[in-house]
Each structure stands twice: as structure tokens, then as C-alpha cells.
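Observations on chain architecture
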Amino acid sequence: MSKVIVITGASSGIGQATAELLARQGNKMVLGARRESRLQEIVKKIKDANGEATYAVTDVTDLASVKKLAQTAMDQYGKIAVWMNNAGVMPQSTFIEGRVEDWNRMIDVNLRGVLNGIAAALPIMRKQASGHFINTSSVAGHATHPGGGVYSATKAGVLMISEALRQEEAQAQSNVRVTVVSPGAINTELVNSITDPNVKKGTAQYYDQVAISPDQIAKSIAFAINAPESASINEIVIRPSKQA
Ligand SMILES: NC(=O)c1ccc[n+]([C@@H]2O[C@H](COP(=O)([O-])OP(=O)(O)OC[C@H]3O[C@@H](n4cnc5c(N)ncnc54)[C@H](OP(=O)(O)O)[C@@H]3O)[C@@H](O)[C@H]2O)c1
């Protein structure tokens, strides 16, 4: 069945792969991110393959911008079946480095961005009496390591926000489903968001050894979306088989 699906962070990596797969499955895609030229290219690629897509330049740290993304979906297609809060950054470093701007950026994008998505889309889903949030956490939301404290805190926050949302919507009998996807090392542009040169080098080397394609995450997300409406797939953890 064709669904209207909004994805933040759709200009590369997991968001892009998911948008392209779901478009191939016949869904109507509404893409948000900051880099307009990338969004235009992806929409063109989808349309050239006879798919359906539109975009709105979106900064998830700004509630008004996120509401504009939701409005784009409503204006164009009159409904939001799925909202994927996927935009994220991972500028990891140890606390002694004192990279406070990076800490704030992770909180703003990874955490506040998800809350802005919920604020924009949940009232619409309640009115429709149906909807589905897909929130991108990480295996780093389940465990941490030196240098990973703030990133893990934001991703563990996504887990808790998602679980409370799931419980609230189940209690309200609203037919709004919630799925958290927690990927391991995936070959995307995420490593580029690391500002500490040593951490960036080490992470890039590790990713070269173990990371898998974002297409594999896209398939898991499609599985959750395509499950019968009465079943809510709440959590997916998916790592490369080689990742310890
Ligand atoms: N790759 C991994 O190993 C991995 C593992 C676990 C979890 N994740 C999570 O997966 C999600 C997607 O990341 P990815 O791996 O696909 O990395 P990516 O290729 O770097 O994609 C990140 C996306 O987030 C967008 N973004 C960043 N800041 C934004 C902002 N302020 N407003 C709107 N969009 C913003 C970027 O677009 P613009 O720059 O155009 O705005 C881009 O589309 C993130 O939440 C990440 O934490 C990734």
C-alpha cells in the first residue's frame, strides 16, 4: 500500500537509502535536510524511476523549519503515514577535549531534532487516528565507550523518548506506532561530522574494516513499516556481522 513517508536527514546515508527503497516500493516520499542540491538530486533520481517524491529544506534544530516539512507533506499529499526522525551527527571526543560546541550540536540535532519531529507530526497523526514514527538511535544508545559519552547520551535519550511515546500512544489507542532502529557501523557520511582529527582517523579506519551498506538498514525499516497495522515492531538492532 502506498504511504506518505517523511524522512529527516534524507540527503545522504541511511535516510537517502531508506527514501530510495521506500520510493521503489511505491510510497510517496517527503525528504528533509539542509543541503538542497542533494535533496534535489535524490528527488530527481526517484522521479526518473517513476517514483513519487518532494522535499523541503529543513533544519531539525528549528521547530518552525520542521513544521514546514510537515506542512509540505500535508499540502502535497494530505496525510503523514510515517515520520522518520533520522537526522543525526556524531562528533565524538573525550570530555577533556572540551568540545562544548560539538556536545551542543549533538544535543540539538540528535535529541531536540527528534522532539521537534514529534511536536510537528504527532498532532497530525492523532487527527488521522493513524501514524508511525521511526526514530534512529544507535548501538551507541545501548552502550558507550571513551569518547562516546555525549553521542550515547543523545541516542539513549532517543530510546527513552520513543518508549514513552509508544506507551502514551498505546494508552490513547491512537493507532500511532513507534519503532526505534539502532544501527551499528554503517557506511555513510557520518564520520565526516567528527571534528577531533584523531577520533576521525580511528573511526574511519574502523568503519573501513567493518561497516555495512545503509541499504541493509533501509530494508529493516521497510519491514517495520510494512508490518500489519495491528503489530508494532518497536525495536530493531542491526550491526555488521563482524562488529564486536
Ligand atoms: N552510520 C552509522 O554508523 C550510524 C550508526 C548508528 C546510528 N546512526 C544514525 O543514523 C542517522 C543517519 O546518519 P547517517 O549514518 O546516514 O549519516 P549521514 O550520511 O551523515 O547522514 C546524516 C543526515 O543528517 C542530516 N542532518 C544533519 N544535521 C541536520 C540538521 N541540523 N537538520 C537536518 N538534517 C540534518 C544530514 O543532512 P544535511 O547535512 O544535508 O542537513 C544527513 O542527511 C543519524 O541519526 C546517526 O546518528 C548512524
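A quick note: this is a predicted structure, and the numbers were derived from the prediction, not measured. (Residues numbered from 1 in each chain as written. Predicted model: local features only at pLDDT ≥ 70, side-chain atom pairs only at ≥ 80, totals over all residues. Heavy atoms only, no water.)

1. Digging into the overall build of the protein chain
- The helix and strand tally for the protein chain stands at seven helices and seven strands.
- Listed by position from the N terminus, the elements making up the protein chain come as β-α-β-α-β-α-β-α-β-α-β-α-α-β.
- Taken against the 2.2 N^0.38 rule, which gives 18 Å for 244 residues, the C-alpha radius of gyration of the protein chain at 17 Å falls within 12% of a compact globule.
- Dimensions of the protein chain along its principal axes, counting C-alpha atoms only, are 50 × 45 × 35 Å.
- Counting across all 244 residues of the protein chain, residues that qualify as buried make up 53%.
- Of all intrachain contacts in the protein chain linking residues separated by at least 6 positions in sequence, the fraction that spans at least 24 positions is 71%. (Helix = DSSP H or I, 4+ residues; strand = E, 2+ residues; numbered from the N terminus. Rg over C-alpha atoms; globule rule 2.2 N^0.38 Å. Buried < 20%, exposed > 50% of the residue type's maximum accessible area, 1.4 Å probe, protein only. Contact = heavy atoms within 4.5 Å.)

2. Considerations on the UniProt feature "domain: Ketoreductase" (unreviewed entry) in the protein chain
- Under the UniProt annotation, "domain: Ketoreductase" (unreviewed entry) lies at residues 3-189.
- Regarding residues 3-189, the helix share stands at 49% and the strand share at 19%, and the terminal C-alpha atoms are separated by 27 Å. (UniProt positions renumbered as here; feature names shortened; annotations may be inferred.)

3. Some points on the side chain of Asn-85
- Within the fold, Asn-85 resides in strand S4 (residues 82-85).
- Judged by relative accessible area, Asn-85 falls into the buried class, the value being 2%.
- Among the polar contacts made by the side chain of Asn-85, one reaches the side chain of Trp-83 at a distance of 2.9 Å.
- Within the local environment of Asn-85, its side chain forms a polar contact with the side chain of Asn-135, the two groups lying 3.0 Å apart.
- Aside from chain neighbours lying at most four places away, what touches Asn-85 is Thr-8, Gly-113, Val-114, Gly-117, Ile-118, Phe-133, Ile-134, Asn-135 and Thr-136. (Polar contact = N/O pair within 3.5 Å; in protein donor to acceptor, adjacent residues only side chain to side chain.)

4. Some words on the packing of helix H4 (residues 100-128) against helix H5 (residues 149-171)
- Taken N-terminus to C-terminus, the directions of H4 and H5 make an angle of 15°; their axes are 9 Å apart at the nearest point. With respect to H5, the element H4 is oriented roughly parallel. The crossing of H4 and H5 is right-handed. Packed against H4, whose contacting residues are Trp-103, Met-106, Ile-107, Asn-110, Leu-111, Val-114, Leu-115, Ile-118, Leu-122 and Arg-126, the element H5 presents Val-150, Tyr-151, Thr-154, Lys-155, Gly-157, Val-158, Ile-161, Leu-165, Glu-168 and Glu-169 at the interface.
- Taken together, the residues of the contact of H4 with H5 break down into 13 nonpolar, three polar and four charged. (Axes fitted to C-alpha atoms, helices over the stretch in contact; angles between N-to-C directions. Parallel < 35°, antiparallel > 145°, perpendicular 65-115°, else oblique. Left-handed = near helix turned anticlockwise from the far one by under 90°. Nonpolar A, V, L, I, M, F, W, Y, C, P; charged D, E, K, R; others polar.)

5. Considering the pairing of strand S2 (residues 28-33)
- With five of six residues buried, S2 lies mostly within the body of the structure.
- Handedness of the strand S1 (residues 4-8)-helix H1 (residues 13-24)-S2 crossover: right-handed.
- Sheet analysis places S2 next to strand S3 (residues 52-57), joined by six bridges and oriented parallel. In the strand pairing of S3, Val-30 is matched with Thr-54.
- A crossover links S2 with its parallel partner S3, the connecting element being helix H2 (residues 36-48), and its sense is right-handed. (Right-handed = clockwise from strand over helix to strand, strands pointing away. Pairing = 2+ DSSP bridges.)

6. A closer look at the packing of H1 against helix H7 (residues 214-226)
- Packing of H1 against H7 brings their axes to within 8 Å, and their N-to-C directions diverge by 55°. One way to sum up the angle between H1 and H7 is to call them oblique. In the packing of H1 onto H7, the handedness of the crossing is right-handed. Contact residues: H1 offers Gly-13, Ile-14, Ala-17, Thr-18, Leu-21 and Leu-22, while H7 offers Pro-214, Asp-215, Ile-217, Ala-218, Lys-219, Ile-221, Ala-222 and Ile-225.

7. With respect to the sheet that holds strand S6 (residues 176-183)
- One open sheet accounts for seven strands, arranged S3-S2-S1-S4-S5-S6-S7; its pairing is parallel. Single-partner strands in this sheet number two, and they are S3 and strand S7 (235-238). Direction aside, neighbouring strands of the sheet carry axes that sit 15° apart on average.
- Together, S2 and S3 form the strand contacts of H2, whose direction differs from that of S3 by roughly 175°.

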